[in-house]
Amino acid sequence: MSVQFAPVAPEACPALVLNADFRPLSYYPLSLWSWQDTIKAVFLDRVNIVSEYDRVVRSPTFEFRLPSVVSLKTYVKPSRTPAFTRFNVFLRDRFTCQYCGGHDDLTFDHVTPRSKGGQTTWENVVAACSPCNLLKGGYMPQQINMFPAQRPIRPTVSQLHRNGRLFPPNYLHESWQDYLYWDTELDP
């Protein structure tokens, strides 16, 4: 009796994208390209293939092993300040409601409500679950005795990377391991 393995679909073969210095373009979300975008970048001579999957794609006249890791040929200078996005607020707050510590049904809350002059800024917005957000409503924290667990601050890119390492992606190919988290502190 022989065992048959189902072929791996190309969609299950994203490529890790490294900058020209061999660091990922971003850690969280991890910089990944679809196999189609990766092949296009290879043919446009924008990337170097660092590692490949065993998976091959074919056309009538061509056969190509899918890249698992690519590096850009031109260095892209990383942003020094993170974008103010809902996702980055959640990442800064480690996907945790700053009022009750819950992790479900997250939204964001203005610590000083907009109705009281609060701005939509790093220093005034925190992750909050929907029940806490509704409970706090338009009140000031001292009026309802609801204070965020951590004072909201503008994070650095490295702080977001550090937090992102706490939430690894669902899929990590073994060929990526040499390029992820190499700048973390080693155990003695």
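All values derive from a computational prediction rather than experimental measurement. (Residues numbered from 1 in each chain as written. Predicted model: local features only at pLDDT ≥ 70, side-chain atom pairs only at ≥ 80, totals over all residues. Heavy atoms only, no water.)

### Quick notes on helix 1 (residues 35-43)
In step 1: Three or more residues of helix 1 are buried, namely Trp35, Thr38, Ile39, Ala41 and Val42. Angularly, the buried residues of helix 1 cover 160° about the axis, an arc narrow enough to put them on a single face. Set apart from the buried face of helix 1 by more than 90 degrees, the exposed residues are Lys40 and Phe43.
In step 2: Along its buried surface, helix 1 packs onto strand 1 (15-18), strand 2 (32-33), strand 3 (47-59) and strand 4 (62-72).
In step 3: Among the residues trailing helix 1, Asp45 stands out with phi positive, at a value near 60°. (Buried < 20%, exposed > 50% of the residue type's maximum accessible area, 1.4 Å probe, protein only. Helix = DSSP H or I, 4+ residues; strand = E, 2+ residues; numbered from the N terminus. Arc of directions from axis to C-beta. Contact = heavy atoms within 4.5 Å.)

### Examining the nonpolar core
In step 1: If you look at the biggest cluster of nonpolar residues, it comprises 20 residues, and the most contacted ones within it are Leu16, Ile39, Val47, Val57, Leu66, Val69 and Trp176.
In step 2: At the level of secondary structure, the elements contributing two or more residues to this core comprise strand 1, helix 1, strand 3 and strand 4.
In step 3: Within the second largest apolar cluster, 8 residues are counted, among which are Cys97, Val111, Val126 and Cys129. (Core = buried A, V, L, I, M, F, W, Y, C linked by side-chain atoms within 4.5 Å.)

### Side note on the confidence of the model for the protein
In step 1: Across the protein, the average pLDDT comes to 86, with 88% of residues at or above 70.
In step 2: When pLDDT is averaged over each helix and strand of the protein, the minimum, 84, is found for helix 5 (residues 157-164) and the maximum, 97, for strand 6 (residues 125-129).
In step 3: Between residues 182-188, whose pLDDT stays under 50, and residues either more than four places distant or in other chains, the model counts 6 contacts. (pLDDT = per-residue confidence, 0-100.)

### Points about helix 5
In step 1: Along helix 5, the positions that sit buried rather than exposed are Leu160, Asn163 and Gly164. In a view along the axis of helix 5, the buried residues occupy a sector of 100°, so they form one face of it.

### Brief notes about the pattern of salt bridges
Close approach of charged atoms allows side chains of opposite charge to pair.
In step 1: Enumeration over the complete set of coordinates arrives at 8 salt bridges.
In step 2: Among the salt bridges present, the one from Arg58 reaches Glu63, with a minimum N-O distance of 3.0 Å. Each member of the pair, Arg58 as well as Glu63, is classed as exposed.
In step 3: A salt bridge links Glu123 to Arg154; the shortest N-O distance between them is 3.7 Å. With Glu123 in the loop between strand 5 (106-110) and strand 6 and Arg154 in the loop between helix 4 (141-144) and helix 5, the pair connects residues that are 31 residues apart, well separated along the chain.
In step 4: If you follow the salt bridges from partner to partner, you end up with Glu52, Asp54 and Arg65 in one network. (Salt bridge = Lys/Arg side-chain N within 4 Å of Asp/Glu carboxyl O.)

### Observations regarding the packing of aromatic side chains
In step 1: Using the criterion set out here, one finds 6 aromatic pairs in the structure.
In step 2: Seen in terms of ring centroids, Phe62 and Phe64 are 5.9 Å apart; in terms of plane orientation they differ by 25°. Their pairing is stacked.
In step 3: By relative accessible area, Phe62 is classed as partly exposed at 41%.
In step 4: On the basis of relative accessibility, which here comes to 13%, the residue Phe64 falls in the buried class. (Phe/Tyr/Trp six-rings, centres within 6.5 Å; stacked < 30°, edge-to-face > 60°.)

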